[in-house]
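If you want the building blocks of each chain, they are given just below.
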Amino acid sequence: MRFGWRAISGPVLTAAIALLAILLDRHAPALSLAPLFVCAVALAGSISGFASALGSTAIAMIGATQLTLGHRTAPGIAGADLAQLGLLALTTVGAAAITGLMRERLLHAFAAERRNHATAARLSLALDQVDIGIVLLDAETRAEFINRAFRDYFALPDEVADSKPPFVALMYHGRDTGAFELPEDELGVFIAQRMEMVRTGDATPINIAMRDGEVLRFVCTALPDGGRMLSYTPVTDLVRHTDAPERADYYRSLRDSAGRKLIRYLRVAE
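Participant: Can you walk me through the packing of helix 7 (residues 167-176) against helix 8 (residues 184-200) in this structure?
Facilitator: The description of two helices packed together rests on the angle between their axes and the distance between the axes. Where helix 7 meets helix 8, the axes come as close as 10 Å, and the angle between the chain directions of the two elements is 155°. The angle between the axes of helix 7 and helix 8 places the two elements in the roughly antiparallel class. For the crossing formed where helix 7 meets helix 8, the hand is right-handed. Only Leu187, Phe190, Ile191, Arg194, Met195 and Val198 of helix 8 make contact with helix 7, whose side of the interface consists of Phe167, Val168, Met171, Tyr172 and Arg175.

Participant: Sorry if this is basic, but what is going on with the confidence of the model for the protein chain here?
Facilitator: As a note on interpretation, predicted positions should not be read in detail where pLDDT is low. Scored by pLDDT, the protein chain comes out at a mean of 78, with 75% of its residues at no less than 70. Of the regions scoring below 50 in pLDDT, residues 248-270 engages in 19 contacts with residues more than four places distant in sequence or in other chains.

Participant: In this structure, what is going on with the pattern of salt bridges? I would like to understand it.
Facilitator: Counted under the stated rule, the structure contains six salt bridges. Across the pair glutamate 104 and arginine 103 runs a salt bridge, and its minimum N-O distance is 4.0 Å. Classification of arginine 103 as buried rests on a relative accessible area of 19%. Put simply, Arg148, Arg151, Asp158 and Asp162 are held in one network by salt bridges that share partners.

Participant: Could you clarify how one ought to interpret the pairing of strand 4 (residues 215-222) in this entry?
Facilitator: Sheet faces and side chains relate simply in a regular strand, where the side chains alternate between the two faces. Relative to strand 4, strand 3 (residues 206-209) runs antiparallel, the two being bridged by four bridges. Residue asparagine 207 lies in a different strand from strand 4, and its bridge partner there is arginine 217. Linking strand 3 to strand 4, which pair antiparallel, is a turn of five residues; within it glycine 213 sits at a positive phi near 95°. Across seven bridges, the pairing between strand 4 and strand 5 (residues 228-234) is antiparallel. Paired with alanine 222 across the strands is arginine 228, a residue of strand 5. The turn linking strand 4 back onto strand 5 is made up of five residues, and glycine 226 within it adopts a positive phi angle of 95°.

Rules used throughout
Residues numbered from 1 in each chain as written. Predicted model: local features only at pLDDT ≥ 70, side-chain atom pairs only at ≥ 80, totals over all residues. Heavy atoms only, no water. Axes fitted to C-alpha atoms, helices over the stretch in contact; angles between N-to-C directions. Helix = DSSP H or I, 4+ residues; strand = E, 2+ residues; numbered from the N terminus. Parallel < 35°, antiparallel > 145°, perpendicular 65-115°, else oblique. Left-handed = near helix turned anticlockwise from the far one by under 90°. Contact = heavy atoms within 4.5 Å. pLDDT = per-residue confidence, 0-100. Salt bridge = Lys/Arg side-chain N within 4 Å of Asp/Glu carboxyl O. Buried < 20%, exposed > 50% of the residue type's maximum accessible area, 1.4 Å probe, protein only. Pairing = 2+ DSSP bridges.

See below:
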């Protein structure tokens, strides 16, 4: 137990209750203060743990014993008073144990939640560094995560991506922005096929030709919780090797100005 205001608040409150009772009202039955003592012990356990609550219990028992002795005209403590003090001791110790244990479990749960959140944040940052578009869908096919590469490939605004749109909305966004290299009369069938693949968890790879000359290999992976992971891997350099050599300069001009795809092409060539 660390020494601080949290650690001493419970014992101080318990001592204040006992002291006020002794000084201001010596004619009140000791057991009438039992609810206050139990509340003080529970408060100490919830704020600082079992050690602080146990200290509050000791102070509460000392105060209750002093009140009981102050009401006695004969020396010693009667059996009835002793039973009441024993009951108070059991109640306060139980409150200390329960609240202290609950506090420890909550702290462990919060610590685990923080670790999981930190891991998820690091994973999100890592996925934003790859050039493979990644979309994680929940069981209702709503996008729980969309990485940076997918947003760039489909010109998806951050406010839309962060709003957890359904997969069908992502497909219609690609249609409306002219992202797909398909005739307009084929887009409806194309979207319906992709929706069916996602619904059934079909893992068959599909090459998607983009309007800017990029080719993405789409794969749907079914997850144990009923969700889906969608990956869009750039395979332009693997697919375009069958294109006519005389159009090589044209296909190179379709690559972005940042040179990212050219670097990847050089790596493949090596």
